[in-house]
Amino acid sequence: MSYIQNPILRGFNPDPSICRVGDDYYIATSTFEWFPGVQIHHSKDLKNWKLIARPLNRISQLHMKGIPDSCGVWAPCLTYDDGVFYLVYTNVKSFDGVWKDTPNYMVTTTDIHGDWSEPIYLSSRGFDGSLFHDGDKKWYVSMLVDHRNGRFFGGIEMQEYDPVQKKLVGEVHYLTEGTELGLTEGPHLYKRDGYYYIVLAEGGTEYGHAMSIGRSSSIYGPYEFHPKHPFISAAESEDNVLQKSGHGDLVETQNGDWYAVFLVGRPLTTRGNCTLGRETAIEELEWKDGWPWLKGGGRVPREQIPQPKLPEYTFSHNGSIVNFNATAIPIEFQSLRIPMTEDWCSLTARKGFLRLYGKESLTSLHQQSLLARRIQDFHIVASTELEFQPKNLHHMAGLVFYYNAGHYHYACVTSNPDGSKKMLNVISSDNYQMSFQEELADVTGVESVILKGEMNRDVLQFSCSTDGANFKNIGRPLDASILSDDHVRDGRSRYRPAFTGSFVGICCQDLAMNIHHADFKWFDYQEIKN
């Protein structure tokens, strides 16, 4: 028997929304402050997936300059009806304090590979919005933010969407406050055998996370909940490989079988840090007495499930090395908050190289010159070849392992104040507490430097080479576990939103004039199977 290996979308891919169109399956996941917004993966067999699109690729659709870490695009919902794809998303603008600024929008397309429309504003009453197509009606469903007296999670509400007027119309209907697990969010509606079903994310997106499901004979409720709710959760199974399971969606195959997709985390240690972020997993369901149950029994998701009765369909994937002699940057890469544009990120300024014009610091929430990709395995090696001539201490360029503006490890080429000496430094930030390992290697007069970082679970070691063959370690081994949601939230004086995952990439800073450039010849990402 063949199996699906969980997670199906490895690395930072949370809040999955799944949609079937004929024999094709699509999953949309959250991207938060990373641009372009929303990842869409495609599959024909629910086992093999390929990243095919990031639909929010214009500032007119997604303006994020200045937003806090882990804000931006939350919980997209991808649906399809009568030849049109609908994508609902939140662009979270602020998180601190009792006020949450959470405008919600919708874009549409008839070609999932093509351009998407300009956004239609829906509401700012909450977040995690979804669209439910119910015959000739369309309903927008969302959690409600209640700022009064520390409540925050105010339950689930619904309002009709008018596709002609392109806005929400009519009365707002309150559907449910959820179950006693609380922290109710991520609603999706379905209709089956005369019942309306509502799937909810509950218990918070950490180790108490869960998927609950309720049903009602009327879309307006009241909703009764699963007799063994939550119906998916690892909260009581701390040794399970897949933890934090919750916030998901359901899909029916063309053969009438049902599956759930949902986020999970894989901690380095029992209930420890999840450096890969929240990933997407899948489980098979069976219906009994009008309720969905995990087909494997219980409520805890498995690492492997039997492959569906669908023809296996594999994809070709890009190799590990990216040579910057193409006309486009590979889809695996994203930037922070801003689009990739020629004024700071150019494949044409120097043939065969990617030129990054130095912008603001790694702490900036506005204009960083940084391109990075997800880390998707526990043991990886990333490297890049860099040509850079810094003129003063404000010029830096190199290889960065990044979680957010306050948590990263950075191996960079820089210089002394008058530019007479070029050297390698390692800069680390843990909750904005900076540590510097300075002048680790003198590379004055060296034209090209190769920087490498090996991240093996919770240990990161940088190394360098000037001939492409002989590498030497630079700096001490570093704590890679700080690149995780769990570390960012743990033991801090105030709660910080932390919902992403670890990235590795290249960057350049000119903290004096925002113009001095660095040239990168290639970038290599390899997963090491231990």
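Criteria and cut-off values
Residues numbered from 1 in each chain as written. Predicted model: local features only at pLDDT ≥ 70, side-chain atom pairs only at ≥ 80, totals over all residues. Heavy atoms only, no water. Helix = DSSP H or I, 4+ residues; strand = E, 2+ residues; numbered from the N terminus. Buried < 20%, exposed > 50% of the residue type's maximum accessible area, 1.4 Å probe, protein only. Polar contact = N/O pair within 3.5 Å; in protein donor to acceptor, adjacent residues only side chain to side chain. Phe/Tyr/Trp six-rings, centres within 6.5 Å; stacked < 30°, edge-to-face > 60°. Contact = heavy atoms within 4.5 Å. Pairing = 2+ DSSP bridges. Axes fitted to C-alpha atoms, helices over the stretch in contact; angles between N-to-C directions. Salt bridge = Lys/Arg side-chain N within 4 Å of Asp/Glu carboxyl O. Core = buried A, V, L, I, M, F, W, Y, C linked by side-chain atoms within 4.5 Å.

Undergrad: Sorry, what's going on with unusual backbone geometry here?
TA: Where the residue is not glycine, phi is negative for most of them; where a peptide bond is considered, it is trans in most cases. Cis rather than trans, the peptide bond between Phe35 and Pro36 has omega equal to -5 degrees. Structurally, Pro36 can be placed in the loop between strand S4 (34–35) and strand S5 (39–43). A cis amide bond links Gly221 to the next residue, Pro222, at an omega of 5 degrees. With respect to the element layout, Pro222 can be found in the loop between strand S17 (210–216) and strand S18 (224–225).

Undergrad: Can you walk me through the environment of Ser233 in this structure?
TA: Following the sequence through the fold, Ser233 ends up in strand S19 (residues 232–233). Taking relative accessible area as the criterion, Ser233 reaches 5% and is therefore assigned buried. For the pair Ser233 and Ser245, spaced 12 residues apart in sequence, the C-alpha to C-alpha distance is 5.3 Å. Of the polar contacts made by the side chain of Ser233, one reaches the backbone nitrogen of Ala235; its length is 3.1 Å.

Undergrad: How should I be thinking about the packing of aromatic side chains in this particular structure?
TA: Aromatic ring pairs are reported here in terms of the distance separating the ring centres and the angle at which the planes meet. With the rule as written, the count across this model stands at 27 aromatic pairs. A centroid spacing of 6.2 Å and a plane angle of 55 degrees characterise the contact between Phe32 and Trp74, whose relative ring orientation is tilted. Within this pair, whereas Phe32 is found in the loop between strand S3 (24–29) and S4, its partner Trp74 is found in strand S7 (residues 72–81), the two being separated by 42 residues in sequence. Judged on exposure class, the residue Phe32 and its partner Trp74 are both buried.

Undergrad: Looking at this structure, how should I read the side chain of Asn91?
TA: Along the chain, Asn91 turns up in strand S8 (residues 84–92). With a relative accessible area of 3%, Asn91 lands in the buried category. Not counting residues up to four positions away in its chain, the partners in contact with Asn91 are Leu62, His63, Met64, Gly72, Asp101, Pro103 and Tyr105.

Undergrad: Looking at this structure, how should I read the sheet that holds strand S20 (residues 243–252)?
TA: For sheets, the rule is that strands pair by backbone hydrogen bonds, running either parallel or antiparallel. Strand order in the open sheet made by the 4 strands is S20-S21-S22-S23, with antiparallel pairing throughout. Strands at the two margins of the open sheet, each flanked by one partner only, are S20 and strand S23 (291–294). Strand-to-strand twist across the sheet, computed as the mean angle between neighbouring axes with direction ignored, equals 40 degrees.

Undergrad: I would appreciate a short explanation of the pattern of salt bridges in the present structure.
TA: All told, the structure shown has 25 salt bridges when counted by the stated rule. Residue Lys138 is joined to Asp81 by a salt bridge in which the shortest nitrogen-to-oxygen separation is 2.6 Å. On the criterion of sequence distance, the pair formed by Lys138 in strand S12 (residues 137–146) and Asp81 in strand S7 is long-range, its members being 57 residues apart. Judged by relative accessible area, which is 9%, Lys138 ranks as buried. Put simply, Glu160 and Lys137 hold a salt bridge, and the shortest N to O gap is 3.3 Å. Placement of Glu160 in strand S13 (residues 152–162) and of Lys137 in strand S12 is noted, with a sequence separation of 23 residues between them. Through salt bridges that share partners, Arg10, Asp377, Glu527 and Lys529 make up one connected network.

Undergrad: Help me out: how do you make sense of the environment of Phe315 in this one?
TA: Here Phe315 lies in the loop between strand S24 (304–306) and strand S25 (321–323). For the pair Phe315 and His42, spaced 273 residues apart in sequence, the C-alpha separation works out to 9.7 Å. When near neighbours in sequence (up to four residues on either side) are disregarded, Phe315 contacts His42, Ser43, Asn48, Trp49 and Lys50.

Undergrad: Mind showing me how you'd approach the sheet that holds strand S31 (residues 395–404) here?
TA: The 8 strands lie next to each other as S4-S26-S29-S38-S31-S32-S33-S34, forming an open sheet whose pairing is antiparallel. The two strands at the open ends of the sheet, each matched to only one other strand, are S4 and strand S34 (433–442). When strand S32 (residues 407–415) meets strand S33 (residues 422–430), the two strands line up antiparallel, connected through 9 bridges. Bridged to Tyr410 within S33 is Ile427.

Undergrad: Looking at this structure, I do not really get the nonpolar core. What am I missing?
TA: Considering soluble globular proteins, one finds that nonpolar side chains tend to be buried as a cluster. Counting 61 residues, the largest nonpolar core has Ile40, Leu78, Leu370, Tyr402 and Tyr410 as the members making the most contacts within it. Sequence-distant contacts of Tyr402, defined by excluding residues within four places in its chain, comprise Trp34, Asp69, Leu336, Leu362, Gln368, Leu370, His407, Tyr408, Leu483, Gly501, Ser502 and Phe503. In this structure, Val322, Leu356, Ala397 and Val488 belong to the second largest nonpolar core, which totals 48 residues.

Undergrad: Teacher, can you tell me more about the environment of Lys452 here?
TA: Locating Lys452 in the fold gives a position in strand S35 (residues 448–456). Take Lys452: its relative accessible area is 24%, and that puts it in the partly exposed class. When the C-alpha atoms of Lys452 and Glu385 are compared, they prove to be 9.0 Å apart, with 67 residues separating the residues in sequence. With sequence-adjacent residues up to four places away left out, Lys452 is seen in contact with Val381, Ala382, Ser383, Leu399, Gln461, Phe462, Ser463 and Phe471.

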